[in-house]
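Geometric and topological summary
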There are 2 protein chains.
Amino acid sequence: MRRVAVVGADMTHFGKYLDRSLKDLGREAVEGALASAGIDKSKLQVAVVGNAAAGLVTGQEMVRAEVILGDMGIGGIPMINTENACASSSTAFHLAWLYIASGMYDLALVLGVEKLYHQDKKRSFAAIGAAVDVEMAEKAVAIASADRKAAGDSATAGAGESRSLFMDLYAAIARNHMRRYGTTKEQYARVAEKNHFYGSLNAHAQYRERYTVEEILASPPVADPLTRLMCSPIGDGAAAIILCSEEKARQFTTKPLWVRASVLTTHQEHGADEPGLGDRVAAMAYEMADLGPQDVSLAELHDATAAAELVLYEEMGFCPRGEGGRFIDDGEADLGGRIPVNTSGGLIAKGHPIGATGTAQLYEIFLQLRGEAGERQVSGAKVGLTENGGGMVGNENIVASVHILSL
Amino acid sequence: MRRVAVVGADMTHFGKYLDRSLKDLGREAVEGALASAGIDKSKLQVAVVGNAAAGLVTGQEMVRAEVILGDMGIGGIPMINTENACASSSTAFHLAWLYIASGMYDLALVLGVEKLYHQDKKRSFAAIGAAVDVEMAEKAVAIASADRKAAGDSATAGAGESRSLFMDLYAAIARNHMRRYGTTKEQYARVAEKNHFYGSLNAHAQYRERYTVEEILASPPVADPLTRLMCSPIGDGAAAIILCSEEKARQFTTKPLWVRASVLTTHQEHGADEPGLGDRVAAMAYEMADLGPQDVSLAELHDATAAAELVLYEEMGFCPRGEGGRFIDDGEADLGGRIPVNTSGGLIAKGHPIGATGTAQLYEIFLQLRGEAGERQVSGAKVGLTENGGGMVGNENIVASVHILSL
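Below or above, wherever it landed, is the structure these notes cover. Everything numeric in this text was worked out from a predicted model, so none of it was measured.

**Section: the overall build of chain A**
Regarding its fold elements, chain A presents 15 helices and eleven strands. For chain A, the C-alpha radius of gyration of 20 Å lies close to 22 Å, the compact-globule estimate for 407 residues. Along the first, second and third principal axes, the C-alpha set of chain A runs to 60 × 45 × 40 Å. For chain A, the proportion of its 407 residues judged to be buried stands at 67%.

**Describing the interface of chain A and chain B**
Taken together, the contacts link 55 residues of chain A with 55 residues of chain B. Contact with chain B buries area across many residues of chain A, yet A:E61, A:M62 and A:E83 alone supply 16% of it, more than any other trio. At the boundary of chain A and chain B, one finds six salt bridges. We note a salt bridge from B:E83 to A:R64, for which the minimum N-O separation is 3.1 Å. Counting every contact that joins chain A to chain B gives 32 residue pairs in polar contact (both at pLDDT 80 or more).

**Focus: the nonpolar core**
The tendency in soluble globular proteins is for nonpolar side chains to be buried as a group. Membership of the largest hydrophobic core comes to 82 residues, with the highest contact counts inside it found for A:V6, A:L243, B:V6 and B:L243. Those residues within four positions of A:V6 in sequence are excluded, and the remaining contacts are A:F93, A:I241, A:I242, A:L243, A:P256, A:L257, A:V259, A:F366 and A:L405.

**With respect to the state of the cysteines**
Applying the stated rule across the entire model yields zero disulfides over all chains. Cysteine A:C86 is unpaired, with the sulfur of A:C231 as its nearest cysteine sulfur at 13 Å.

**Regarding the pattern of salt bridges**
What the rule picks out here adds up to 48 salt bridges over all chains. Among the ionic pairs, A:R2 bridges to A:D106, the shortest N-O distance being 3.1 Å. Pair noted here: A:R2 is in the segment before strand 1 (4-11) and A:D106 is in the loop between helix 4 (88-101) and strand 4 (107-115), with a separation of 104 residues, a long-range link. We note a salt bridge from B:E372 to B:R370, for which the minimum N-O separation is 3.4 Å. Using a relative accessible area of 36% as the deciding quantity, one classes B:E372 as partly exposed. One network of salt bridges, in which partners are shared, links A:E61, A:R64, A:E83, B:E61, B:R64 and B:E83.

**Points about the pairing of strand 7 (residues 236-245) of chain A**
Within a regular strand, the side chains alternate between the two sheet faces. Residues and elements named next belong to chain A. In terms of burial, strand 7 is a largely internal element, ten of the ten residues being buried. Side-chain alternation along strand 7 places D236, A238, A240, I242 and C244 on one buried face and G237, A239, I241, L243 and S245 on a second face that is also buried. Alignment of strand 1 against strand 7, held across seven bridges, turns out to be antiparallel. Note that in strand 7 the partner of V4 across the bridge is S245.

**Overview of helix 15 (residues 354-369) of chain B**
All names here are of chain B. The first and last C-alpha atoms of helix 15 sit 24 Å apart over 16 residues, in line with the 22 Å expected at 1.5 Å per residue. Along helix 15, 16 of the 16 residues are buried, which leaves the element largely enclosed by surrounding structure. The positive-phi residue at the C-terminal boundary of helix 15 is G371, with phi of around 75 degrees.

**With respect to the packing of aromatic side chains**
Residues and elements named next belong to chain B. One pass over the full model with this rule turns up ten aromatic pairs over all chains. Seen from their ring centres, Y99 and Y105 are 5.5 Å apart, and the 45 degrees between their planes marks the pair as tilted. Each of the two residues, Y99 as well as Y105, counts as buried. On the basis of an interplanar angle of 25 degrees and a centroid distance of 6.4 Å, the ring pair of Y363 and F366 is categorised as stacked.

What counts, and at which threshold
- Residues numbered from 1 in each chain as written.
- Chains lettered and ligands numbered in written order.
- Predicted model: local features only at pLDDT ≥ 70, side-chain atom pairs only at ≥ 80, totals over all residues.
- Heavy atoms only, no water.
- Helix = DSSP H or I, 4+ residues; strand = E, 2+ residues; numbered from the N terminus.
- Rg over C-alpha atoms; globule rule 2.2 N^0.38 Å.
- Buried < 20%, exposed > 50% of the residue type's maximum accessible area, 1.4 Å probe, protein only.
- Contact = heavy atoms within 4.5 Å.
- Buried area = accessible area lost by both parts, 1.4 Å probe.
- Salt bridge = Lys/Arg side-chain N within 4 Å of Asp/Glu carboxyl O.
- Polar contact = N/O pair within 3.5 Å; in protein donor to acceptor, adjacent residues only side chain to side chain.
- Core = buried A, V, L, I, M, F, W, Y, C linked by side-chain atoms within 4.5 Å.
- Disulfide = S-S within 2.5 Å.
- Pairing = 2+ DSSP bridges.
- Expected span 1.5 Å × (residues − 1).
- Phe/Tyr/Trp six-rings, centres within 6.5 Å; stacked < 30°, edge-to-face > 60°.

Pasting the structure below:
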């Protein structure tokens, strides 16, 4: 397998764009990524597009890449349409990496793009509900609801049933960590405070307000212990990346970044004390990269909720099991901390147009490793890690992907 | 890139299964393919699932592979969900091939699965409509309809608007070939006659009746010159394939088949006399395989309609441009002919559950090259080719894939 370089990347602002199409968002990100790499679109040899829900939101199923890229004059090359719920565009990046690592092609485009907002809000939330086994969804709602009642939570999610299902599942994970390790609501609120702060420094972020821990705790309850300001919003947006073989990379940039690990795996049944999906995917990535958590300069972790991020500190090996709360309390994830996490603002503040999230995480690592992250720059950043999870089965994601990039 | 072997394959009967789920159909094909290879599911290292329309038919978007395979206890491995309209599972096969050719994994599962029938027929036809640029669909209907009126055709498709759009586009291709090369309706009917005959020999086929040319011409008009018996039906089904690295293949079989070419490409704008998608994809495949059309023992070609198959004889280089009519008249595509085409019955008789079609084509080549095709066996078959196209833009597919397998 050959070494693969990242030579260009860009993203749109994330937000609510009722008047912009998938094509329009995709074009902006792709043109930006091509420009950042100094590459003409005619040089692309393969394109992989990650999108999770267009079939259910805009009706565009089956040939999303061809329609979006064809509209901007890209064609005559292999195009892959792929989806893996919230990990759709990490999956796309992984496939593009594979095309180049294999020696088959030298230059690949990855696009993550999503339009979740729709005039009919029900359609947006119903689409998100397809990230679970739809035949089992009713059962999952019942289980999560029973667990919530047992926890004495009477809050109702205002955002629709599917949203409620996901946040119920994430809330159950949050409560479990509290019971098991004494983690507090305040610690979850600190994670959200940090991400909202980082978001305030990112011009691409959907939400740029700063909030105190008190304001976050006082925001409307979603599912105990999660409040609205601890949860990722829905949104629209796109992020694109250009990948290149080692031998061609120097043609395009003096600052190539190297893909040290590209790992994708899925849930499997396991006992409560056996390694879960997050532990497994991290171990695989560190082995592939021949690096460990001690080498990581910064990370973008899948903070669908603040609690999910805190659990990921442990699963990624940034701190021992059960010490995620201390990791946030000690400022380890802050700028100047040991491993700044979600300097982009994360899903919570930057936004979470699901099929665009994976490539947007990688875009933040791209900026940081090139020293182009402005006010939120992590000084001396050499190695960046992304964790992108998708779907839910029981109390973990169905699919997870970890990428490690380095100078 | 390493040599890749096909070591197992199976498919369900294609048909109308209102009472069977995606999981149920997928399980049958996967269990059959594993059994045919003598491999336990725990040995699989990666799985790629092609499905075109579940998001729009069953509501299962985003994590189709994880849901279908997870239900049968397969997990903990990378799973890719991919779609490319009617070429979805050829795309899946191509990605699985890439995983093994690259050296990353040794054993891969490919599943193509589709459920198009739904209690609400409108939903089925609306789903098929997503294989075009949905924003442009109205325009395409208008163009095709104008062309049809100019041709004096007053037939209306009974099958719903989306169906009508596709068949209108295919009918325009058929009329163009008639104008340009003098091809006749009878020649299209002969293609259908042949495929219905082959279908009668295939226990997995959705339709097993034989029809005469006269009966085919007299069947209800769809869009001039196409009649119902010249068009592929909608249907449900699944087909699965096991791919393996050369070094492991001998563990599983004494009869490995080799993937000589795995090519995927997309439409690009071109002049009327410049090579179109079909010509390009064939040329790429022959170059990759270091073989030519004269080496092909049999082929499965994407006969969405009889006219499409006739045009593909020429695009695949089986006969010169404009001589597709003569190719069928001379019996070249029959058993005993130079290159038997669609011995499975093709999309027209075997059926066309769109996301399962590519792997089902490959399953037929698998049977034929192993000498296990029974009454429809092509004697001495050594090299098999599949062409699988998807979506429509103007007068050609948006995406096409050609695979060449050999002993």
